[in-house]
Number of protein chains: 2
Amino acid sequence: MAGADATSTRAQRAESVARWDRVHDVVVVGHGGAGACAAIEAARAGADTLVLERMGRGGGTSALSTGVMYFGGGTRIQKACGFDDSVEEMIKHVRMAAGARADEEKVRAFCEQSLEHFAWISSHGVEFRESYVAEKTTHPFGDDCLFYSGNEEVYPFAQAAAPAPRGHKPARAGEAGGYLMECLLRATDAAGAAVLSDCRALRLVQRADGRVVGAIARHGQETLAIAARRAVVLCAGGFILNEAMVAEHAPELLQCNWRAASPGDDGSGIRIGMGAGAAAANLHEGLVLNAYYPPASHLKGVLVNEQGQRFINEDAYIGRTSDAMVYRCGGRAWLVVDDAIYARTQAMHRIAAVEESFEALERALGLPEGELVHTLERYNRDAARGADPLFHKAPQHLRALSVPPFAALDCSTANSFFGVFTLGGLAIRASAEVLSPEGAVIPGLYAAGRNTAGLCLEGRGYASGLSIGEATFFGRVAGRNAAAHAPWGPA
Amino acid sequence: MAGADATSTRAQRAESVARWDRVHDVVVVGHGGAGACAAIEAARAGADTLVLERMGRGGGTSALSTGVMYFGGGTRIQKACGFDDSVEEMIKHVRMAAGARADEEKVRAFCEQSLEHFAWISSHGVEFRESYVAEKTTHPFGDDCLFYSGNEEVYPFAQAAAPAPRGHKPARAGEAGGYLMECLLRATDAAGAAVLSDCRALRLVQRADGRVVGAIARHGQETLAIAARRAVVLCAGGFILNEAMVAEHAPELLQCNWRAASPGDDGSGIRIGMGAGAAAANLHEGLVLNAYYPPASHLKGVLVNEQGQRFINEDAYIGRTSDAMVYRCGGRAWLVVDDAIYARTQAMHRIAAVEESFEALERALGLPEGELVHTLERYNRDAARGADPLFHKAPQHLRALSVPPFAALDCSTANSFFGVFTLGGLAIRASAEVLSPEGAVIPGLYAAGRNTAGLCLEGRGYASGLSIGEATFFGRVAGRNAAAHAPWGPA
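Residues numbered from 1 in each chain as written. Chains lettered and ligands numbered in written order. Predicted model: local features only at pLDDT ≥ 70, side-chain atom pairs only at ≥ 80, totals over all residues. Heavy atoms only, no water.

Overview of the overall build of chain A
When helices and strands are counted, chain A shows 13 helices and 22 strands. Taken over the C-alpha trace, chain A has a radius of gyration of 24 Å; the compact-globule value for 491 residues is 23 Å, and the two agree within 12%. In terms of overall dimensions, chain A has a C-alpha envelope of 80 × 50 × 35 Å along the principal axes. The proportion of buried residues among the 491 residues of chain A is 64%. (Helix = DSSP H or I, 4+ residues; strand = E, 2+ residues; numbered from the N terminus. Rg over C-alpha atoms; globule rule 2.2 N^0.38 Å. Buried < 20%, exposed > 50% of the residue type's maximum accessible area, 1.4 Å probe, protein only.)

The structure is reproduced here in structure tokens:
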């Protein structure tokens with residue numbers, strides 16, 4: 001409403017733009033996983049498409065990731081590796097993973113079109129090996145593809161949907177996000193979308209009736225007014241690097257010390273949308289990750305809180321266990337292992353104590369007398385008979401801790417590696433249309449990826465691959481719908 | 001931006017108002033605790049003030065409450081009852097009670113002006129007896145005044161600030177909210193504010209530059225355009241009765257079966273503010289209340305989750321224990337008591353099981369074998385020596401459960417009385433100015449009470465009396481600042 005200063009993200013009124021420096025059909029803000037897919041689809045649909053990338057080159061946070069994507073319903077890889085999956089079972093799981101506020105329409109779209117999306121991603125030269133990694137891991141470290149990347153086999157998820165592995169990692173060793181994004185950046189060029197690098201979007205341009213008609217961006221020393229005759233697509237990332245926003249909305253996340261982010265994750269994309277009247281939703285939620293496995297043998301360990309009690313099934317995905325550590329345990333927890341399961345080579349955690357007995361370990365950790373001993377003795381008795389009546393850990397991970405010495409690995413937020421990113425952002429429909437706080441569509445504006453509160457709304461049910469899966473899938477939806485949006489002004 | 005239909009809460013543009021049906025300086029929406037105090041202060045400051053009340057008579061949710069208000073820093077009652085308190089200690093406690101996102105400015109204003117606010121409330125004929133109730137209770141059932149209404153004496157709060165009781169209940173037996181509101185409604189009249197009953201605000205009227213200049217309201221068959229030459233003050237309540245909003249933002253609260261609400265708590269006040277560009281904040285938080293005490297003897301009971309583990313110090317305020325039941329225990333918990341502490345007359349909970357031994361009780365509840373027995377035996381050993389190393393329950397509430405039979409009172413959300421209201425709403429400053437999502441003040445708009453995300457942002461640290469304390473205090477701030485706001489248009 002008021003005039004905008006140089007740094008404001010409030011939308012500028014269309015009548016204040018004297019001259020457009022550039023005119024395109026579709027303008028995509030951010031060239032990470034979501035933005036690349038939006039640009040490819042928009043350009044392929046015939047729209048004159050421009051991507052604004054604030055860094056010297058695209059890739060975004062997706063390029064820094066493992067590259068794992070969540071696909072299912074019977075992919076080529078799932079079939080080759082001998083797994084049955086169906087859209088129905090995938091829907092059941094993803095709905096539960098998305099959390100209590102799951103958007104049924106987004107869940108269904110994502111799952112029902114998963115095979116098509118897998119084929120589309122593959123069509124850009126992203127290779128996937130027909131191989132499966134049986135050992136529980138955060139992601140395959142080699143070039144293998146398929147693995148259980150979430151809670152599919154884990155109580156209570158396994159009771160709600162037939163388990164199938166749906167984490168698909170591209171066929172590159174180590175972190176494959178860079179490779180994935182190279183393919184998608186090439187595909188952006190091949191599709192004919194233009195990319196303006198080192199160009200930072202500042203705010204949207206909006207008519208009095210709410211229609212978004214372009215964006216203002218900073219390119220070197222120039223400030224450009226860029227018309228988007230059909231639509232603007234915001235794919236500029238989350239806000240974990242914006243400490244003030246995190247402190248205001250999700251202060252618990254501040255205790256996590258490793259921010260899974262690229263510079264775009266400063267909340268600017270969210271604020272640019274809000275500046276045009278968009279609602280931000282789910283800002284209090286994030287994904288937190290304390291990787292106490294691999295080694296997979298550590299799943300046989302016992303997680304305890306500062307009372308010396310267990311608090312969760314240790315075989316759950318680390319998004320779920322870590323959420324419990326942060327929100328239920330005040331950021332203080334330990335993984336107790338014995339000498340038989342401790343694997344020195346892969347373990348990243350500080351050893352808080354090593355002792356020959358449970359009693360000594362309990363004393364060394366300063367836990368309430370007798371409680372850790374009770375917890376571990378009880379666990380050992382249960383494990384010996386292959387049952388976990390307290391938390392329903394799966395039998396294959398139940399084994400008595402019986403080979404001294406016993407160690408407590410420090411899983412506290414203060415002393416261990418805690419990855420974190422945000423799960424809140426602009427409110428969108430399954431069509432990637434951006435919504436106002438009153439639920440009205442903001443015409444000419446779309447968004448996808450961590451710039452949005454999209455498919456995944458909680459860390460408690462998260463599976464690895466959902467975020468890039470969602471970003472690429474709804475990025476495509478956004479690009480297609482942006483290209484089909486009725487244009488304003490003369491042709 | 002677009003035109004408003006009959007039910008839209010989107011602000012109407014000022015130029016669309018052909019004629020004002022009424023012209024006032026200050027228009028207050030809602031005549032509960034916050035609105036009454038806003039109207040009194042505005043009228044006393046000389047502003048021509050109109051209150052819009054949707055019901056036939058004011059009172060709002062405050063009138064349905066116990067009437068407890070949180071005052072401190074050395075009130076007349078605190079002194080008469082022999083308690084030392086200071087503004088500094090009150091600040092320490094309230095800051096912690098408000099939670100991780102506490103707004104320091106609001107905390108300080110509320111505490112530093114608490115004595116003045118107590119005198120002001122008293123000046124309207126609200127009587128308080130110089131009496132103290134030592135027994136822990138949700139509120140004094142007779143006409144006594146002072147009691148510990150929160151976590152002041154409880155770990156870890158007692159370690160952070162010198163405890164003092166700060167719950168002040170007006171001198172009426174039973175629920176005193178009706179009495180409190182009668183006094184404040186009379187004071188509204190006495191101050192010279194006009195009240196329009198059966199009049200429901202629909203939306204604000206706003207100029208192109210964002211300035212709020214009035215409101216549109218429905219009064220009988222008429223739709224009125226009411227000018228607010230200085231400001232509008234929104235005091236229209238929370239959103240616990242708006243099931244769609246609760247499902248979208250705080251679905252966990254849906255499991256609570258007793259909504260502490262009056263009809264205004266349908267979110268309309270929040271949506272009216274959002275319709276003028278205001279930010280809504282903290283929508284995911286609520287206060288949940290499962291009153292397993294009184295009887296105070298039940299504080300000597302043991303709360304257990306469905307693993308048979310303890311999970312919190314049972315002597316904490318029920319806002320804190322109930323929050324843990326809902327968010328950490330999935331809404332399933334029991335209070336175990338023995339025959340010595342069970343008080344039939346006051347207990348409201350369903351008895352899930354009564355047995356002669358811990359083992360039998362554990363079996364009857366279907367808990368994992370041995371865990372409840374361990375929990376209770378350990379508790380008994382600790383209680384016998386007056387210590388609770390697990391959760392730091394205060395020694396005076398520690399007593400071994402040793403007199404059979406033993407009963408488990410069902411504290412689950414499904415089977416017990418769970419009070420609930422929301423703690424999210426419009427973002428305001430300590431000045432009660434309403435903020436946009438970008439943190440800019442919306443000129444001419446103020447808000448207070450549960451219509452806002454104000455002082456209390458979490459149920460985990462809440463104390464009874466904070467909500468009406470906050471509503472009345474910041475209602476006054478809103479009224480004063482609204483009356484002092486520079487007017488628009490001709491005098």
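Moving on from the model shown.
Structural notes on helix H11 (residues 358-365) of chain A
Every α-helical turn comprises 3.6 residues, leaving residues that sit three or four positions apart pointing alike. For H11 of chain A, every residue scored as buried is listed here: Phe 358, Ala 360, Leu 361, Glu 362 and Leu 365 of chain A. Once H11 of chain A ends, the next one or two residues include Gly 366 of chain A, with phi positive near 70°.

What to know about the packing of aromatic side chains
How two aromatic rings sit relative to each other is set out by the distance from centre to centre and by the angle between their planes. For the structure on display, the rule yields 26 aromatic pairs over all chains. Here the aromatic rings of Phe 421 of chain A and Tyr 462 of chain A are separated by 6.2 Å at their centres, their planes lie at 75°, and the arrangement is edge-to-face. Taken together, the positions of Phe 421 of chain A in strand E18 (residues 419-422) and Tyr 462 of chain A in the loop between strand E22 (452-453) and helix H13 (466-484) put the pair 41 residues apart, joining distant regions of the chain. In terms of burial, Phe 421 of chain A and Tyr 462 of chain A fall into one category: buried. Judged by centre distance (5.8 Å) and plane angle (90°), the ring pair of Phe 110 of chain B and Phe 473 of chain B falls under edge-to-face. Of this pair, Phe 110 of chain B sits in helix H4 (residues 104-112) while Phe 473 of chain B sits in helix H13 (residues 466-484), and the two are 363 residues apart along the sequence. As far as the burial class goes, Phe 110 of chain B and Phe 473 of chain B line up, both buried. Here the aromatic cluster, defined as three or more aromatic residues joined through ring pairs, consists of Phe 71, Phe 118 and Phe 128 of chain A. For Arg 172 of chain A, the ring lying beneath its charged end belongs to Tyr 179 of chain A, and the centroid distance is 4.0 Å. (Phe/Tyr/Trp six-rings, centres within 6.5 Å; stacked < 30°, edge-to-face > 60°. Lys NZ or Arg CZ within 6 Å of the ring centre and 35° of its normal.)

What about helix H10 (residues 318-327) of chain B?
Residues and elements named next belong to chain B. Across the 10 residues that make up H10, a large majority, 8, are buried. When we look at burial in H10, the residues that qualify are Ile 318, Gly 319, Thr 321, Ser 322, Asp 323, Ala 324, Met 325 and Val 326. Turning to H10, the residues buried within the fold contact strand E13 (286-289) and strand E14 (302-304). (Contact = heavy atoms within 4.5 Å.)

Points about the pattern of salt bridges
All names here are of chain B. Enumeration over the complete set of coordinates arrives at 76 salt bridges over all chains. Put simply, Glu 306 and Arg 332 hold a salt bridge, and the shortest N to O gap is 3.0 Å. Of this pair, Glu 306 sits in the loop between E14 and H10 while Arg 332 is found in the loop between H10 and strand E15 (334-338), placing the two residues 26 residues apart along the sequence. We note a salt bridge from Glu 314 to Lys 393, for which the minimum N-O separation is 3.4 Å. Separated by 79 residues along the polypeptide, Glu 314 in the loop between E14 and H10 and Lys 393 in the loop between helix H12 (371-384) and strand E17 (406-410) bring together distant segments of the chain. (Salt bridge = Lys/Arg side-chain N within 4 Å of Asp/Glu carboxyl O.)

Overview of the environment of Cys 183 of chain B
All names here are of chain B. Along the chain, Cys 183 falls in helix H7 (residues 177-191). In the structure, Cys 183 is positioned 62 residues away from Ile 121 in sequence and 9.0 Å away in space, judged by C-alpha atoms. Discounting chain neighbours no more than four positions away, the residues touching Cys 183 are His 124, Gly 125 and Val 126.

Points about the relation of the copies chain A and chain B
Each copy of the sequence occupies a distinct position, and chain A is placed on chain B by a rotation of 180° and an axial shift of 0.0 Å, giving an RMSD of 0.0 Å. Expressed as a symmetry operation, the mapping of one chain copy onto the other fits a two-fold axis. Residue Arg 328 of chain A of chain A places its C-alpha closer to the rotation axis than any other residue of that unit, at 3.2 Å. With an isologous cut-off of 70% or more, the 97% of interface residues of chain A that recur at the interface of chain B puts this contact in the isologous class. (Least-squares fit on C-alpha atoms with pLDDT ≥ 70 in both.)

A look at a nonpolar patch on the surface
All names here are of chain A. The grouping of Trp 258, Met 348 and Phe 417 at the surface amounts to a nonpolar patch, some 350 Å² of accessible area in total. Structurally, Trp 258 can be placed in strand E11 (residues 258-259). Classification of Trp 258 as partly exposed rests on a relative accessible area of 41%. (Patch = residues over 30% accessible without salt bridge, like charges linked within 9 Å, V, L, I, M, F, W, Y side chains within 5 Å. Areas by Shrake-Rupley, 256 points an atom, 1.4 Å probe, with all protein chains shown as cover.)

Re the interface of chain A and chain B
Facing 37 residues of chain A, the contacting portion of chain B comprises 37 residues. Of the roughly 3,100 Å² buried between chain A and chain B on both sides combined, carbon and sulfur atoms contribute 49%. Ionic pairing is found between Glu 371 of chain B and Arg 378 of chain A, a salt bridge with its closest N-O pair at 2.8 Å. Summed over the shared surface of chain A and chain B, the result is 16 residue pairs in polar contact (both at pLDDT 80 or more). Counting only elements with at least two residues in the side of chain A that touches chain B, the list comes to helix H8 (243-249), helix H9 (268-274) and helix H12 (371-384) of chain A. Taken together, the residues of the side of chain A that touches chain B break down into 12 nonpolar, 12 polar and 13 charged. (Buried area = accessible area lost by both parts, 1.4 Å probe. Polar contact = N/O pair within 3.5 Å; in protein donor to acceptor, adjacent residues only side chain to side chain. Nonpolar A, V, L, I, M, F, W, Y, C, P; charged D, E, K, R; others polar.)

Quick notes on the pairing of strand E21 (residues 441-447) of chain A
Residue and element names in this part refer to chain A. With 5 of 7 residues buried, E21 is to be regarded as a mostly interior element. As paired strands, strand E20 (residues 433-435) and E21 are joined by 2 bridges and run antiparallel to one another. By the bridge assignment for E21, Glu 433 is matched with Tyr 446. The hairpin turn running from E20 into E21, its antiparallel successor, is 5 residues long, and Gly 439 in that turn takes a positive phi close to 85°. (Pairing = 2+ DSSP bridges.)

Examining the side chain of Arg 378 of chain A
Position of Arg 378 of chain A relative to the elements: it lies in helix H12. A distance of 2.8 Å separates a polar atom in the side chain of Arg 378 of chain A from a polar atom in the side chain of Glu 371 of chain B. Beyond its immediate sequence surroundings of up to four residues, Arg 378 of chain A is in contact with Pro 389 and Leu 390 of chain A together with Pro 368, Glu 369, Gly 370 and Glu 371 of chain B.

Re the sheet that holds strand E15 (residues 334-338) of chain A
All names here are of chain A. Read from one edge to the other, the open sheet built from 4 strands follows the order E14-E15-E17-E16, with strand pairing classed as antiparallel. In this open sheet, the two edge strands, each paired with only one partner strand, are strand E14 (302-304) and strand E16 (351-355). Averaged over all adjacent pairs, the angle separating strand axes in this sheet is 20°, with direction ignored. Alignment of E16 against strand E17 (residues 406-410), held across 4 bridges, turns out to be antiparallel. The partner of Val 354 across the bridge, within E17, is Ala 407. Sheet strands in contact with H11 are E15, E16 and E17, and its direction is about 145° off that of E16. Packed on one face of the sheet, H12 meets E14 and E15 and runs near 155° to E14. (Axes fitted to C-alpha atoms, helices over the stretch in contact; angles between N-to-C directions.)

Remarks on the packing of H11 of chain A against H12 of chain A
Residues and elements named next belong to chain A. In contact at an axis separation of 8 Å, H11 and H12 are set at 140° when each is read in the N-to-C sense. When the axes of H11 and H12 are compared, the pair comes out oblique. In this structure, H11 crosses over H12, and the sense of that crossing is right-handed. On the side of H11, the interface is formed by Phe 358, Glu 359, Leu 361, Glu 362 and Leu 365, while H12 contributes Glu 371, Leu 372, Val 373, Leu 376, Glu 377 and Asn 380. (Parallel < 35°, antiparallel > 145°, perpendicular 65-115°, else oblique. Left-handed = near helix turned anticlockwise from the far one by under 90°.)

Overview of the sheet that holds E17 of chain B
All names here are of chain B. Pairing is antiparallel across the open sheet formed by 4 strands, whose spatial order is E14-E15-E17-E16. Both outer strands of the open sheet, E14 and strand E16 (351-355), are each paired with one neighbouring strand and no more. Between one strand axis and the next, the sheet turns by 20° as a mean value, whatever way the strands run.

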